[in-house]
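Residue-level listing of the chains:
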Amino acid sequence: FFKGFWNCAISFAIGYWAIMWWMKNRYTLAVSKLLAGSLLISLLYFSHLLGLAMALGAVGGMIFIELFIYLSKKNNLSQQQLLYHCLSALFIFLPALILVGFYLSRVGIQSTSSTLAPQKLLDQYLILTGLQNIGTKPFEAIGIKLIAFSFHFLLGWGIYRKIKSRQLTVYDGFFLAFLVF
């Protein structure tokens, strides 16, 4: 996969396209549809790894929400439809997940037991996304942290209100992915 800010931005655009494609075609297990979806997800892998993680998290979150709705008997979602959703997601993500496995086996997962491990992880994330030069001035850093805190607060409050009012739907997984990334 490619690294850098522009590839990350392109992968988010392709990722949202892939999420919407899966939402539209999740009821079918036709080979042509699954092949097109796996090619789209493979393109997502080659553009940037964060876009793939976003799409995988959003689709997994939507399947989890559908499972929650199915178990609470709030919807007329059948067991066969839930199985189709899970299998279609598995089949379209499988080639990209195999490529991620090959990449991790080649590069390896670096783990350290020191207290600097979270800082090294943050540095690797900033280098991967091309954001290492943003927020180097003290005023910029405070503003970025305030914006990030406010978005996470609103996200947490919105999830709490949705769960409390029992209005959690499948499409909320897509919007959660949009807010998180």
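Residues numbered from 1 in each chain as written. Predicted model: local features only at pLDDT ≥ 70, side-chain atom pairs only at ≥ 80, totals over all residues. Heavy atoms only, no water.

> Describe helix α2 (residues 31-47), listing the residues and the values that go with them.
An ideal rise of 1.5 Å per residue puts 24 Å on 17 residues; α2 measures up with 24 Å between its terminal C-alpha atoms. Listing the buried residues of α2 in full gives Leu34, Gly37, Ser38, Leu40, Ile41, Ser42, Leu44, Tyr45 and Ser47. (Helix = DSSP H or I, 4+ residues; strand = E, 2+ residues; numbered from the N terminus. Expected span 1.5 Å × (residues − 1). Buried < 20%, exposed > 50% of the residue type's maximum accessible area, 1.4 Å probe, protein only.)

> Quick rundown of the nonpolar core? Include the residues and the values.
With 28 residues, the main nonpolar core has Ile19, Trp22, Ile41, Leu44, Leu52, Ile92 and Phe93 as its most contacted residues. Listed by contribution, the elements that provide at least two residues to this core are α1 (5-25), α2, α3 (49-71) and α4 (79-107). Here the element with the most residues in this core is α1; it accounts for nine residues. If we ignore the near neighbours within four places in the chain, the residues touching Trp22 are Val59, Met62, Ile63, His85, Ser88, Ala89 and Ile92. (Core = buried A, V, L, I, M, F, W, Y, C linked by side-chain atoms within 4.5 Å. Contact = heavy atoms within 4.5 Å.)

> Can you break down the packing of α1 against α2 residue by residue, with the values?
At their nearest, the axes of α1 and α2 sit 9 Å apart, and the two run at 160° to each other. Judged on the interaxial angle alone, α2 and α1 are roughly antiparallel. Crossing of α1 over α2 shows left-handed handedness. Here Asn7, Ser11, Ile14, Gly15, Trp17, Ala18, Trp21 and Asn25 of α1 lie close against α2, whose contacting residues are Lys33, Ala36, Gly37, Leu40, Ile41, Leu43, Leu44 and Ser47. (Axes fitted to C-alpha atoms, helices over the stretch in contact; angles between N-to-C directions. Parallel < 35°, antiparallel > 145°, perpendicular 65-115°, else oblique. Left-handed = near helix turned anticlockwise from the far one by under 90°.)

> Could you give an account of the confidence of the model for the protein, naming the residues involved and the relevant values?
Any region with low pLDDT has predicted coordinates that should not be read closely. Residues of the protein with pLDDT of at least 70 account for 64%, and the chain-wide mean is 75. Looking at the elements of the protein, mean pLDDT is at its lowest for helix α5 (residues 117-129), recorded as 61, and at its highest for α2, recorded as 89. (pLDDT = per-residue confidence, 0-100.)

> Describe the side chain of Arg26, with residues and values.
Residue position: Arg26 is located in the loop between α1 and α2. A polar contact is formed between the side chain of Arg26 and the side chain of Tyr27, at a distance of 3.4 Å. (Polar contact = N/O pair within 3.5 Å; in protein donor to acceptor, adjacent residues only side chain to side chain.)

> Help me get a handle on the packing of aromatic side chains, residues and values and all.
All chains considered together, the criterion is met by one aromatic pair. With centroids separated by 5.1 Å and ring planes inclined at 75°, the aromatic side chains of Tyr45 and Phe46 adopt a geometry described as edge-to-face. On the basis of relative accessible area, Phe46 is assigned to the partly exposed category, the value being 43%. (Phe/Tyr/Trp six-rings, centres within 6.5 Å; stacked < 30°, edge-to-face > 60°.)

> Which residues make up α3, and what values do they have?
The terminal C-alpha atoms of α3 lie 33 Å apart, and with 23 residues this matches the ideal 33 Å at 1.5 Å per residue to within 8%. Along α3, the residues that are buried comprise Leu50, Gly51, Leu52, Met54, Ala55, Ala58, Val59, Met62, Ile63, Ile65, Glu66 and Ile69.

> Tell me what's going on with a nonpolar patch on the surface, and back it up with residues and numbers.
Together, Leu90, Phe91, Leu94, Ile98 and Phe102 give the surface a local cluster of nonpolar side chains, amounting to about 480 Å² of exposed area. With respect to the secondary-structure elements, Phe91 resides in helix α4. By relative accessible area, which is 39% here, Phe91 ends up partly exposed. (Patch = residues over 30% accessible without salt bridge, like charges linked within 9 Å, V, L, I, M, F, W, Y side chains within 5 Å. Areas by Shrake-Rupley, 256 points an atom, 1.4 Å probe, with all protein chains shown as cover. Salt bridge = Lys/Arg side-chain N within 4 Å of Asp/Glu carboxyl O.)

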